[in-house]
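Architecture at a glance
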Amino acid sequence: MTLPLTPVWFVALPLLLAFASPLWVRYRLLMPLLVGTPALLLLLAFVLLPEVRTGPLLETIVIAPPLGIHLQLDSASWILVALISLAGLLATAFIWLSDAEPYLRDRRAFVFLLLLIAGCNGMVLTGDLFNLYVFLEIAGVSAYALSALRRDASALEAGLKYLIIGSVAAVFFLFSVVLIYLQTGQLNMAAVAARFGGIPAPMQLLIGLLMLVGLGIKAELFPFNFWVPDVYQGSHPVLAGLFSGLLVKAFLFVLFHLVFLLLADPQVAGLWLMGLGATTMLIAEVVALRQEDMRRMLAYSSLGQIGLITLALGFGMQATTAGGLFHMVNHTLVKLLLFLTAAVLLRSFVSARLADLAGAGRARPLAAALFVLGALAVMGLPPLSGFASKLWILKGFAEAGVFWPVALILLAALIEAGYYFRWIKVLYDPNGDLKAAAPVERMAYVPMGVAAGLIILLGVAPFLVDDLFIEGAQTLLDRGAALSAVLGAGS
Amino acid sequence: MLAFLDDPKILHGIYVLGTLTLFFIGLYGLLAKRHLLKVLISIAVMELSVYLLFVGLATSPGETAPILSDGLTEFAGMADPVPQALTLTAIVIGLAVLALGVSLAVQYHRLTGKADIARMTELKEL
């Protein structure tokens, strides 16, 4: 019997392995499988790539569309699936190789990490609104549990805050799905999209607002993102890197996928989202200036970059959308690298506060160097990947003749330079009196080195991946093709 | 006397008013109450109102359960089963999240003696 290689494995494999976890404990396979699963998924993504580039892979389980469970792997969702697998691989490799805290290496963490990957993959791939809700809750519940995993006061507080705000978001999202079903009698996204225009305008607005609140909370857009720094500070830095690198990206993708698919004319909604993105970016960057805890500073910086991506995707032109998708990938790599350095520094000096890290660059030269590399990539200095994607976005705006986002993005980059150099200065402070550093496993630098290598590679040779992102943007924006692919031509 | 309830419009109107009231009671509790358990219960109330709205508006008076039994041989005049199946799934998910939330709240209370959201200040701006 041969198992066909289809998109369902991106969800099924981590789910199956997670629920069989007692077996892996018994055979001492927990850590190899934790790293092996995302590695396998990444491999599968690359095996499927040639097929995806010729046309979207549709998979329907049970009945014919619009009934049945429906998964869709196209050029846009492929980018996200590959990114989720890659980010999962780097983070789990770090957990394994750095000999991380025991609570990150036991069975519970194994189950939640794999469920997080399964949930994110499912959200990105699914073509059905109710399945989207289920995957959203799977990813959400595993994220709540992961942030509370350390079980001390700050971790439990982070977990509780995340759970409360996350459940509220899920209720709002469910409400909008219920209204859509009552109005159209459909849950399949393409079938809903075909009838969405027929819904009365006030109801469309209500559905849109409920969905915006639900997904806006999850995707950390202003004004729904007040909880983010608390959660990132209370969770282990590796987990914060995963939330920022993979969970938020999946939600952002879902938000824009729905906007571009459901609305025949996404101009107005896009403009609102651009406004939200710009506000998110500016407020987060300014607040980041005065953060004294590295994890909080990185959380605000992450919010700023998410605002930038929202700004770029909301514009809805091919160049900015492709640039936005590229920036998503870059930001995941960069934030993961920065949060992993934060994990190393936190492990070494027991604190992530600015005052306690003075002169840390001498005790941990490699970690500090990687932090500098990551910081430069966030700011967008050549030849790092942040430069390539920001340039692409700016060029897209300039070619369309819209200049206010260009000014805002450059201003945000200036503020970023301000607070990252403040941290770099402290890390290399010659007068810092440092406590003795706790040892860190050398192998922990391997996943960080891989992330750094990719950042440099994508910065030096962005033409390697140009086509992928342009195809992704075309798929994301081409509503007609998406509809006829699912519903058949002529509908 | 209650025959006017057989009019789907009136019945659905009552459902909408009732569930929206419930939704806003939940929202009020979420925003105004400070005890962790009360906040979690408020979220559960909001969820429940959405389930009620879904099941209520998806059926009309006179429709039967979509089950072939008792001499019924064809699907005519039956309620749409999809909303009920979805609501069941959503109830299970909601219960799981609520259980996780309550267990976290209990652990937090055991550890710190606090159950007040406004006093959760371990993580804050320095």
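Just so it is clear, the structure is predicted and the values come from calculations on it, not from any experiment.

1. Let's talk about the overall build of chain B
- Looking only at helices and strands, chain B has three helices and zero strands in total.
- For chain B, the sequential pattern of α-helices and β-strands runs α-α-α.
- On C-alpha atoms alone, chain B measures out to a radius of gyration of 20 Å, which is more than a quarter above the 14 Å that the 2.2 N^0.38 rule sets for 126 residues.
- Dimensions along the principal axes, computed over C-alpha positions, put chain B at roughly 65 × 30 × 25 Å.

2. Observations regarding the UniProt feature "domain: NADH:quinone oxidoreductase/Mrp antiporter transmembrane" (unreviewed entry) in chain A
- Feature annotation in UniProt assigns "domain: NADH:quinone oxidoreductase/Mrp antiporter transmembrane" (unreviewed entry) to the following positions: residues 127-414 of chain A.
- Segment residues 127-414 of chain A splits into 81% helix and 0% strand. End C-alpha atoms: 40 Å apart.

3. Here we look at the pairing of strand β2 (residues 69-73) of chain A
All names here are of chain A.
- Of all five residues in β2, four are buried, a share of seventy percent or more.
- Here strand β1 (residues 57-61) runs beside β2; their pairing, made up of five bridges, is antiparallel. When the sheet's bridge partners are listed, Ile61 is paired in β2 with Ile69.

4. Quick notes on the interface of chain A and chain B
- Each side of the interface is counted separately: chain A has 30 residues, and chain B has 30 residues.
- Listing elements by their share of the side of chain A that touches chain B, those giving two or more residues are α7 (129-147), α8 (153-184) and α11 (228-234) of chain A.
- In terms of residue count, the dominant contributor to the side of chain A that touches chain B is α8 of chain A (17 residues).
- Broken down by class, the residue content of the side of chain A that touches chain B amounts to 19 nonpolar, five polar and six charged.

5. Some words on unusual backbone geometry
Residues and elements named next belong to chain A.
- The residue after Phe222, namely Pro223, is reached through a cis peptide bond having omega 0 degrees.
- Its location among the elements puts Pro223 in the loop between α10 (201-218) and α11.
- Here the amide bond leading from Pro382 into Pro383 is cis, since omega sits at 5 degrees, within 30 degrees of zero.
- Mapped onto the secondary structure, Pro383 falls in the loop between α17 (365-379) and α18 (385-400).
- The phi dihedral of Val350 falls on the positive side, at around 65 degrees, and the residue is not glycine.
- Here Val350 shows up in the loop between α15 (318-349) and α16 (360-363).

Reading the values: rules and limits
- Residues numbered from 1 in each chain as written.
- Chains lettered and ligands numbered in written order.
- Predicted model: local features only at pLDDT ≥ 70, side-chain atom pairs only at ≥ 80, totals over all residues.
- Helix = DSSP H or I, 4+ residues; strand = E, 2+ residues; numbered from the N terminus.
- Rg over C-alpha atoms; globule rule 2.2 N^0.38 Å.
- UniProt positions renumbered as here; feature names shortened; annotations may be inferred.
- Buried ≥ 20, exposed ≤ 12 C-beta atoms within 10 Å, placed from the backbone.
- Pairing = 2+ DSSP bridges.
- Contact = placed C-beta atoms within 7 Å.
- Nonpolar A, V, L, I, M, F, W, Y, C, P; charged D, E, K, R; others polar.

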